[in-house]
Amino acid sequence: LVENLVNNDAEFSTLLFHTLRSMLIQEGINIDPILQSTGNSIGNSLFEILYDDDLDIFIENIANFWETKGLGRVSFELGQIIKITTFDCFECELLPKTGKPACYLDTGILEGLFTEFFNLPVSVIETQCYTMGDEKCVFEIEPQHIKNY
């Protein structure tokens, strides 16, 4: 692992994150809920910076932020479910293939951003991931409708 830290072209801070995460996984520590909760807080904080009342502009702002901050390249498909595709994902691209999705920080950030935008809870599910053997990460976002009793 330490060898990967110094002999890799990725950002050093990204490699530190991946090394720490890999070591925790090897020790059997599940940090996924913590990552998602942290991402949620980050998404809530970023909302004011990225917000626009036009959904297309809001999404474009998110895509530009992701790319300029080195988090990956993002594309969106709008419909009843919003599909977000990320290439070069900072969170998981360097992680080992596990057959399970791994982008809990991204999931939390998107959950925070879109919960704020729609002013109601959203469901964010990662359906494709580099750690599942895919060449991209795909997130599906769906507002949760409030039930009338």
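Residues numbered from 1 in each chain as written. Predicted model: local features only at pLDDT ≥ 70, side-chain atom pairs only at ≥ 80, totals over all residues. Heavy atoms only, no water.

1. Notes on the overall build of the protein chain
Each helix and strand counted, the protein chain has 5 helices and 4 strands in total. Secondary structure elements of the protein chain, listed N to C terminal, follow the sequence α-α-α-α-β-β-α-β-β. Taken over the C-alpha trace, the protein chain has a radius of gyration of 16 Å; the compact-globule value for 149 residues is 15 Å, and the two agree within 12%. If you line up the protein chain on its principal axes, its C-alpha atoms span 55 × 35 × 25 Å. Counting all 149 residues of the protein chain, 38% fall into the buried class. Accessible area for the protein chain stands at about 8,800 Å²; split by element, carbon and sulfur atoms hold 51% of it. Treating the 8 positive side-chain charges of the protein chain as one cloud and the 24 negative ones as another, the clouds have centres 6 Å apart. (Helix = DSSP H or I, 4+ residues; strand = E, 2+ residues; numbered from the N terminus. Rg over C-alpha atoms; globule rule 2.2 N^0.38 Å. Buried < 20%, exposed > 50% of the residue type's maximum accessible area, 1.4 Å probe, protein only. Areas by Shrake-Rupley, 256 points an atom, 1.4 Å probe, with all protein chains shown as cover. Lys, Arg positive; Asp, Glu negative; His and termini not counted. Charge placed at Lys NZ, Arg CZ, Asp CG, Glu CD.)

2. Observations regarding the packing of helix H3 (residues 32-50) against helix H5 (residues 104-118)
Running from N to C, H3 and H5 point in directions that differ by 40°, and their axes come no closer than 6 Å. It follows from the interaxial angle that H3 and H5 lie oblique. Note that H3 runs across H5; the crossing there is right-handed. Note on element contacts: H5 touches H3 through Tyr-104, Leu-105, Thr-107, Gly-108, Ile-109, Glu-111, Gly-112, Leu-113, Glu-116 and Phe-117, opposite Asp-32, Leu-35, Gln-36, Thr-38, Gly-39, Asn-40, Ile-42, Gly-43, Asn-44, Leu-46, Phe-47 and Leu-50. Of the residues assigned to the contact of H3 with H5, the class counts are 10 nonpolar, 9 polar and 3 charged. (Axes fitted to C-alpha atoms, helices over the stretch in contact; angles between N-to-C directions. Parallel < 35°, antiparallel > 145°, perpendicular 65-115°, else oblique. Left-handed = near helix turned anticlockwise from the far one by under 90°. Contact = heavy atoms within 4.5 Å. Nonpolar A, V, L, I, M, F, W, Y, C, P; charged D, E, K, R; others polar.)

3. Regarding the state of the cysteines
Structurally, a disulfide amounts to a covalent bond that connects the sulfur atoms of two cysteines. In total, this model carries 0 disulfides according to the counting rule given. Cys-89 carries a free sulfur, and the closest cysteine sulfur to it, the one in Cys-103, is 3.7 Å from it. Relative accessible area serves as the criterion here: at 2%, Cys-89 is assigned to the buried category. Cysteine Cys-129 is unpaired, with the sulfur of Cys-92 as its nearest cysteine sulfur at 3.6 Å. You can call Cys-129 buried: its relative accessible area is 0%. (Disulfide = S-S within 2.5 Å.)

Geometric descriptors of this kind do not, in isolation, establish any biological role.
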